[in-house]
Amino acid sequence: MLTEPLILHPESLPDAEALRRAIEYHLRYTTGKNPKAAKLTDWRMAVTRAIRDLVIAPWFETTERVRAERHKRVCYLSMEFLIGRLLEDAIANLGLDEMVRKVVEDFDVDYTALLTDEPDAALGNGGLGRLAACFLDSMSTVGLAAHGYGIRYNHGLFRQSFENGWQTEDAEDWLRQVHPWEFERPETQYRISFGGEVRQHDGHHQWRPDETVLAVGYDTPVPGWRGRWANTLRLWSAKAEREFDLEPFNRGDYMAAAAPSVLAETISRVLYPDDTTEQGKALRLKQEYFFTAASLADILRRFLTHHDTDVTKLPQFIAIQLNDTHPAIAFPELIRLLVDVHQQPFAEAFETARSCLHYTNHTLLPEALERWSVGLMGRVLPRHMELIDQIDSHHANLVKRSAGVKIVDHGEVHMGPLAFIGARRVNGVSALHTNLMKQTVFKELNALHPDRIVNQTNGVTPRRWIYNCNPALRALLNEHLGDDWVTDLDRLQDLAPLADDASFRQSFAAAKRANKLYLARHLENTMGVAVDPDAMFDIQIKRIHEYKRQLLNILHTAAQWNAIRKEPGKDWTPRVKIFGGKAAPGYAMAKQIIKLINDIGATINADPVMEGRLQVVYPPNYNVSMAEILIPAADLSEQISTAGMEASGTGNMKLSMNGALTVGTLDGANIEIAEAVGADNIFIFGMTADQVTATREAGYDPAAYIAAEPRLAEVLEQIAAGTFSPDDPHRYAGLVDMLRGSDWFMVAADFSAYWDVQQRIDESWRDREAWMRSAVLNTAHMGWFSSDRTIRGYARDIWEAQPKF
Ligand code: 26Q
């Protein structure tokens, strides 16, 4: 029997027997379970611990090497990390897929069940959080010295279910079980303060806060491909300084005694759902400051112990990336530390801080740009409010700016300009988005600082989004390309000639079909819904947002229903319309759209004429794990946002890479995808961003478009008449009025073009060989959209850091 924990090194990866013993060891001694009585979760915990052990040696080595070689460190600050499950990823990174499967099955445990027993860590809302997770994977794979910093929310994004077609939300609780990947670091604690007042004393400003909580670090190792390198994700959890008040306890007031810890822990309790109506909430501001201040304290402590005591050298060794404005308080906070603690003069501190900081913008929607009232900022962070004013006037003195350029304006602190002014580089996330940033939200700031804005088009990690989620495609790629593509996705180019090879196309089609069957089985098991794997799987998966235009898709679906009913004898292309996505709980219109999809879906699915022709499926609680099943099974990818509104999109990349053809507008990264895959292999439709602006400026009137498009007019009349909601015929009166009267997102204007392109898609689907050829070419030309390429771009153009591999 084994009594010592096994320490396994990837250089000498375990054989099956050593792995078997390690798992059994952890089952007994870490999980405390007799193998005879162990349940699936016990086995999962034991396997996870055995795999985690293998990551420790490269993790320590990376840490030592970064220290010894004095690598420049990248600190990625993000309110969200939408990680999903970790076990399969770690196993694949270590190259142990086959062995672990075999060993687990020898214990008589179902391997897939074991992997899917892991809760899906949903510490993010969508694109921005998932991007951060892909970046962590890529930063370890290319060998950058990087630290992810975020919040260890007790409750991630809410769980969605449908009650009678309406979205309902339940608290998510991924931490109910032990999270076996993390290491608590009780020794890594920082005191984070709020409120109080600022006193002046000999020209010094002294912040006397009236509330302090502890930020406790929890570390998760992030191994890269083949375990050559492992970085750290450090998430902060809030704790009370004093857990318990003895005085009320002695009086018998037990609730009051526990109050301090309840109050303090509220800060890291729950992830805010992306919701523009949630602006201005004090708790959100506290969350932002809490994790930003803890991260900066940690960064500074490490710099001072391992590099230098001269804080002006900070920018040589540290690059900090702000994932949107959520951590933008980093600029005044870093200045505060430099001025109030390290006695740097303000103007110097301004430059030191700015030389470290970089800001990624993810949205141009004016309502989504963060603002805080001066009153709230002053109450929660009085010293920072002073510094923000000082930053604003200092900037005004530095450059000749017009009256329109201000951080503090109309009693509000604008976090976009604050982040811009505090950053050495500001980046957009697709070529179009970056150009629009220069022309719209940051027009004046860009004119003042013309070198500051750069583009870094988003990417996605091929480890999770091909290798792990699509084993059928992975096998085919390995067979034809070897496995270098996993870290050098441009190698997919070599598939292009094979698009003309009928037998390769057949293998590619077989892989797609296997994935569709897998999804079909999943839908059957989880929803009791049967779908035909030979129908076109037409998929739109993303947050429900008016600008993303799920409405356009479902209105088209209803129009198609009408068309089929009018000519049931025609040879229709069978389609399964699949939707996935959550609405922010306070976003009433988005919730209406969900209900409308479910209502129209129920009507269509109940119509026997639709059998084998049209079906609508909306599985609840779309998350990373569901994406991993849906994406490999997609034939058609819906990327149909109003042009100019989707900063980039990343689902669009995942779907195309996995051999789905895109129907999309010229928005975000769709434009670059179209350039990469070629006009013949993508279905582009609708207005361009410029046309959207011009149409709006000319005075957009949806009624004119509706009158000119009888198919749309008919559907709107049906919805208004209660055809899809006979139990409540007026349910959609507001929604229909909105479409007929204002239609800000121009659903009506793009409907005809969308109808036409969908007709072409139905036609194209009939030529199976041509379709598969395009599908192969999508995969072949998508290599550039690897997040490894994106991360190398950040390292080169923004961080000036050197990847090791
Ligand atoms: C803000 C204030 C209060 C509460 C929540 C928020 C909040 C939270 C999350 C605001 C925005 C987000 C997330 C935004 C997001 O995911 N944006 C997407 O970022 C992707 C990665 O760059 C892009 O591909 C998408 O186009 C963009 O929509």
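Residues numbered from 1 in each chain as written. Predicted model: local features only at pLDDT ≥ 70, side-chain atom pairs only at ≥ 80, totals over all residues. Heavy atoms only, no water.

1. Here we look at the layout of surface pockets
The method is simple in principle: a probe with the dimensions of a water molecule rolls over the atoms, and the space it marks as empty is what remains. Taken as a whole, the second largest pocket holds about 1000 Å³ of empty space. Surrounding the second largest pocket, 36 residues form its lining, Glu88, Thr112, Thr116, Tyr518 and Ile629 being those nearest its centre. For the lining of the second largest pocket, the secondary-structure elements that each account for two or more residues are helix H3 (87-94), helix H4 (97-106), helix H5 (111-116), helix H18 (462-468), helix H19 (471-481), helix H20 (502-527) and helix H23 (624-630). No other element matches the six residues that H20 contributes to the lining of the second largest pocket. (1 Å grid on protein atoms, 1.4 Å probe; cavity = no way out; pocket = protein on both sides within 12 Å on 5 of 7 lines; lining within 4 Å. Points joined across faces, edges and corners; volume = space filled by probe spheres on them. Helix = DSSP H or I, 4+ residues; strand = E, 2+ residues; numbered from the N terminus.)

2. Concerning the sheet that holds strand S16 (residues 412-414)
As summarised here, the arrangement of the three strands in space is S14-S16-S15, forming an open sheet in which the pairing is antiparallel. Across the chains shown, the open sheet's two edge strands, defined by having one partner strand only, are strand S14 (371-373) and strand S15 (408-409). (Pairing = 2+ DSSP bridges.)

3. Here we look at the site of the ligand
In the neighbourhood of the ligand, 18 residues make up the surrounding shell, with Leu128, His362, Asn458, Glu646 and Gly649 lying closest. Contacts to the ligand include Ala647, whose backbone N or O atom sits 3.3 Å from an oxygen atom. Here an oxygen atom of the ligand and a backbone polar atom of Ser648 are 3.0 Å apart. Computed on the free molecule, the ligand has an accessible area of 610 Å², of which 91% lies beneath the protein chains in the complex. Of the residues forming the shell around the ligand, the biggest block, three residues, is contributed by helix H6 (residues 127-141). (Near = heavy atom within 4 Å. Polar contact = N/O pair within 3.5 Å; in protein donor to acceptor, adjacent residues only side chain to side chain. Areas by Shrake-Rupley, 256 points an atom, 1.4 Å probe, with all protein chains shown as cover.)

4. Looking at the nonpolar core
Counting residues in hydrophobic clusters, the biggest one holds 260 residues, and the most contacted among them are Ile51 and Trp799. Once residues lying within four places of it in the same chain are set aside, the contact partners of Ile51 are Leu19, Leu87, Ala90, Ile91, Leu94, Leu96, Val100 and Trp181. (Core = buried A, V, L, I, M, F, W, Y, C linked by side-chain atoms within 4.5 Å. Buried < 20%, exposed > 50% of the residue type's maximum accessible area, 1.4 Å probe, protein only. Contact = heavy atoms within 4.5 Å.)

5. Side note on empty space enclosed by the protein
Counted according to the given criterion, the structure contains six cavities of 30 Å³ or more. As for the largest cavity, its lining consists of 17 residues, of which Ile83, Leu86, Asp89, Val222 and Pro223 are closest to the centre. Among the secondary structure elements, those contributing two or more residues to the lining of the largest cavity are H3, H6 and strand S10 (211-223). Counted by class, the lining of the largest cavity contains ten nonpolar, three polar and four charged residues. Here the second largest cavity defines a volume of roughly 90 Å³. (Nonpolar A, V, L, I, M, F, W, Y, C, P; charged D, E, K, R; others polar.)

6. Quick notes on the packing of helix H28 (residues 710-721) against helix H29 (residues 733-741)
The interhelical angle for the contact between H28 and H29, taken along N-to-C directions, is 150°, at an axis separation of 9 Å. Comparing the axis directions of H28 and H29 gives the class roughly antiparallel. Viewed along their axes, H28 and H29 form a crossing whose handedness is left-handed. Packed against H28, whose contacting residues are Leu716, Glu717, Ile719 and Ala720, the element H29 presents Val736, Leu739 and Arg740 at the interface. Broken down by class, the residue content of the contact of H28 with H29 amounts to five nonpolar, no polar and two charged. (Axes fitted to C-alpha atoms, helices over the stretch in contact; angles between N-to-C directions. Parallel < 35°, antiparallel > 145°, perpendicular 65-115°, else oblique. Left-handed = near helix turned anticlockwise from the far one by under 90°.)

7. Looking at the environment of Leu477
Position of Leu477 among the secondary structure elements: in helix H19. For Leu477 and Leu492, which are 15 residues apart along the polypeptide, the C-alpha to C-alpha distance reads 8.1 Å. With residues near it in sequence (within four places) discarded, Leu477 still touches Ile466, Gly482, Trp485, Leu492 and Leu495.

8. Brief notes about the pairing of strand S13 (residues 357-360)
Here S13 shows no split at all, with Leu357 and Tyr359 on one side and His358 and Thr360 on the other all buried. With four bridges joining them, strand S12 (residues 318-323) and S13 adopt parallel strand pairing. Among the inter-strand pairings, Leu322 is bridged to a residue of S13, identified as Tyr359. Of the pairings in the sheet, the one linking S13 to strand S17 (residues 425-428) comprises three bridges and is parallel in character. Each residue of the ladder has a partner; that of His358, found in S17, is Arg425.

9. Digging into the pattern of salt bridges
Scanning the entire structure with this criterion turns up 56 salt bridges. Across the salt bridge formed by Arg731 and Asp727, the nearest N and O atoms sit 2.8 Å from each other. (Salt bridge = Lys/Arg side-chain N within 4 Å of Asp/Glu carboxyl O.)

10. With respect to the sheet that holds S12
Sheet strands associate in pairs through backbone hydrogen bonding, adopting either a parallel or an antiparallel arrangement. Pairing is mixed in the open sheet, where nine strands are placed in the order S7-S10-S11-S4-S1-S12-S13-S17-S18. Two strands bound the open sheet, and with one partner strand each, they are strand S7 (183-194) and strand S18 (453-455). The sheet shows a mean angle of 25° between the axes of neighbouring strands, direction not considered. Across the sheet, helix H9 (residues 282-306) touches strand S1 (73-77), strand S4 (146-151), S7, S10, strand S11 (230-240) and S12, and the angle it forms with S7 is around 115°.

11. Quick word on the pairing of S1
In terms of residue burial, S1 counts as a mostly covered element, since five of its five residues are buried. Neither face of S1 is exposed, since Arg73, Cys75 and Leu77 on one face and Val74 and Tyr76 on the opposite face are all buried. Relative to S12, S1 runs parallel, the two being bridged by five bridges. Bridge pairing in S12 places Cys75 opposite Ile320. Of the strand pairs in this sheet, S1 and S4 are connected by four bridges, and their pairing is parallel.

12. Overview of the packing of aromatic side chains
Applying the stated criterion across every chain yields a total of 28 aromatic pairs. Taking the centre distance of 4.7 Å and the plane angle of 70° together, the rings of Phe162 and Tyr618 count as edge-to-face. Note that Phe162 is positioned in strand S5 (residues 159-163) and Tyr618 in the loop between strand S21 (614-617) and H23, a separation of 456 residues in sequence. You can call Tyr618 buried: its relative accessible area is 5%. Measuring from centroid to centroid gives 5.5 Å for Tyr700 and Tyr705, while their planes differ by 50°, and the two rings are tilted. Following the ring pairs from residue to residue traces out a cluster consisting of Tyr76, Phe135, Tyr794 and Trp799. Over the ring of Phe194 we find Lys286; its NZ or CZ atom is 5.2 Å from the centre of that ring. The side chain of Lys582 reaches across the aromatic face of Phe158, ending 5.4 Å from its centre. (Phe/Tyr/Trp six-rings, centres within 6.5 Å; stacked < 30°, edge-to-face > 60°. Lys NZ or Arg CZ within 6 Å of the ring centre and 35° of its normal.)

13. Digging into the environment of Asn361
Mapping Asn361 onto the fold places it in the loop between S13 and S14. Look at Asn361 and you get buried, because its relative accessible area is 0%. Put simply, Asn361 and Leu128 are 233 residues apart on the chain and 9.9 Å apart in space, counted from C-alpha to C-alpha. Excluding anything up to four places from it in sequence, Asn361 contacts Asp324, Leu369, Asn427, Gly428, Val429, His433, Met437 and Phe442. Side chain to side chain, Asn361 and Tyr359 meet in a polar contact 3.0 Å long.

14. Things to note about H3
Buried residues dominate H3, accounting for seven of its eight residues. Taken residue by residue, H3 has Leu87, Asp89, Ala90, Ile91, Ala92, Asn93 and Leu94 as its buried positions. Buried residues belonging to H3 abut helix H2 (40-68), H4, H5, H6, S10 and H18. Remark: Gly95 follows H3 within two positions and exhibits a positive phi of approximately 75°.

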